[in-house]
Structure formats: structure tokens, C-alpha cells
Amino acid sequence: MSAESLTAPPTGEVAAPTPQEMRRAMGAFATGVTVVTGMDRSDPVGFACQSFASVSLEPPLVLFCADHKGRAWPRIRESGRFCVNVLAEDQTDVCGRFGSSRGSKYDGLDWDVSRWGTPSLRGVLTRVHAEVYDVHVAGDHDVVIGRVLELETVTERRPMLFFRGRFGVEEQPAAMPDPWGWGDHWG
């Protein structure tokens with residue numbers, strides 16, 4: 001391979017990917033699904049989030065991405081603390097309620113308030129309790145860095161995975177219906 005073949009084309013020759021192209025290409029990367037929860041004064045809030053990762057072991061840091069158009073993230077940011085609830089494979093109902101902009105998220109849901117003052121969902125795989133450490137604006141999302149305060153392993157079941165617009169990685173049909181509706185904004 002020659003050095004010339006490694007040279008990137010000028011940016012004017014290739015159009016930037018559309019949001020639909022980004023969604024389709026990034027959908028090939030299977031992710032876990034979480035629900036980020038927090039309190040707004042005495043009201044519990046939360047949103048479904050698949051952009052979650054470990055950042056650092058020392059100090060213990062994690063990150064998640066939240067859409068600027070979301071209603072829950074600004075309220076969680078104000079409180080300064082959050083809990084990342086890692087969902088189990090059979091918790092699609094929990095994901096659906098927190099992935100939608102409609103309805104009351106906590107009505108009829110079993111949950112507890114953690115020692116950190118954040119909502120802890122029951123039956124999840126893991127809970128990561130953290131405080132907002134730093135926030136970086138990145139396009140239409142905030143990249144939120146959290147300093148981990150406590151980790152809780154709750155159950156040892158299979159994780160919920162999101163792949164190509166659907167839950168799980170089994171054989172999928174060519175047409176992929178959207179389980180939440182991309183009009184709903186997570187975060």
C-alpha cells in the first residue's frame with residue numbers, strides 16, 4: 001500500500017453522513033441498555049440510555065450521552081447525582097417506559113431511593129451511583145462524565161442488548177421497525 005492511498009480525500013468531495021446514515025451504521029454496534037435516574041427536588045426522573053461506558057479506574061469515572069432535547073437530563077444535572085441502572089434482557093417494559101417522552105415513568109414501577117438520594121430500579125443487573133464530574137457539549141448531545149460513588153451488582157442475568165434498531169442479536173428481518181419511535185428523545 002502506498003502513502004498516497006492513505007491520504008484522506010478533501011472534505012469538499014464527500015458529503016457528511018445524514019442522521020439516518022449515522023443511525024444505520026452505528027446500529028451495527030451492539031450496546032447494552034441503561035436507565036439513568038435522578039431526583040428533581042422530590043420528583044424522580046430518568047431516561048433510557050444506550051451510550052454508557054467506563055472511562056477510568058483511578059479515579060473511577062463513567063460516561064453517558066444525553067440529548068439536548070431531553071427533559072430528564074437537565075433535571076438530573078441540576079441535582080448533581082445520578083444512578084445508571086443496567087437493564088436485564090427481560091426488562092423491555094422498563095426500557096419502553098423510560099425511552100418514551102409520554103407517560104409517567106414511575107407509575108406502578110417498583111423502585112427505591114438509594115443512600116445517594118437517587119432512584120434505584122429493582123431487578124437490574126448493576127447500579128452505578130455517581131455524581132456529575134464534568135459535562136462536554138458534543139453536537140446535539142452532552143457527554144456527561146460521572147465520578148462513581150458506589151457500585152451494586154443486583155442480579156446475574158443476561159443483559160439487554162440493542163442492535164440494528166431492535167433488542168437482542170438474534171436473526172433479524174431486513175425491515176427494522178423502531179421500538180420507541182425516533183421522535184422520542186432519550187435524555
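Since the structure is predicted, the reported quantities are computational estimates derived from the model, not experimental observations.

### Digging into the overall build of the protein
And step 1. Looking only at helices and strands, the protein has three helices and twelve strands in total.
And step 2. Contacts spanning at least 24 positions in sequence make up 65% of the contacts within the protein whose residues lie at least 6 apart.
And step 3. Surface accessibility of the protein: about 11000 Å² in total, with carbon and sulfur atoms responsible for 54%.

### What about the sheet that holds strand β6 (residues 81-86)?
And step 1. An order of β3-β2-β6-β9-β10-β5-β4 is seen for the seven strands of this open sheet, with the pairing classed as antiparallel. Each of the sheet's edge strands pairs with one partner strand only, and the pair in question is β3 (43-49) and β4 (52-56). Each adjacent strand pair in this sheet contributes to an overall mean axis angle of 35°, direction not counted.
And step 2. Pairing analysis gives twelve bridges linking strand β9 (residues 126-138) to strand β10 (residues 141-153), with the strands arranged antiparallel. Residue pairing across strands places H136 opposite V143, the latter belonging to β10.
And step 3. Packing against the sheet, helix α2 (residues 72-79) makes contact with β2 (34-40), β3, β5 (61-67), β6, β9 and β10, and its axis sits at approximately 120° to β3.

### Section: unusual backbone geometry
And step 1. Here the amide bond leading from E58 into P59 is cis, since omega sits at -5°, within 30 degrees of zero.
And step 2. Inspection of the secondary structure assignment puts P59 in the loop between β4 and β5.
And step 3. Located in the positive-phi region is R41, a residue other than glycine, with phi close to 60°.
And step 4. Locating R41 in the fold gives a position in the loop between β2 and β3.

### Overview of the packing of aromatic side chains
And step 1. Inspection of the entire model under this criterion finds five aromatic pairs.
And step 2. Taking the centre distance of 5.0 Å and the plane angle of 80° together, the rings of F64 and F82 count as edge-to-face. Here F64, found in strand β5, pairs with F82, found in strand β6; they are 18 residues apart in sequence, far enough to count as distant.
And step 3. Summarising the aromatic geometry, the rings of F98 and Y106 are spaced 5.2 Å apart at their centres and angled 85° between planes, so their arrangement reads as edge-to-face.
And step 4. Members of the aromatic cluster, joined through ring pairs, are F47, F64, W73 and F82.

About the thresholds
- Residues numbered from 1 in each chain as written.
- Predicted model: local features only at pLDDT ≥ 70, side-chain atom pairs only at ≥ 80, totals over all residues.
- Heavy atoms only, no water.
- Helix = DSSP H or I, 4+ residues; strand = E, 2+ residues; numbered from the N terminus.
- Contact = heavy atoms within 4.5 Å.
- Areas by Shrake-Rupley, 256 points an atom, 1.4 Å probe, with all protein chains shown as cover.
- Pairing = 2+ DSSP bridges.
- Axes fitted to C-alpha atoms, helices over the stretch in contact; angles between N-to-C directions.
- Phe/Tyr/Trp six-rings, centres within 6.5 Å; stacked < 30°, edge-to-face > 60°.

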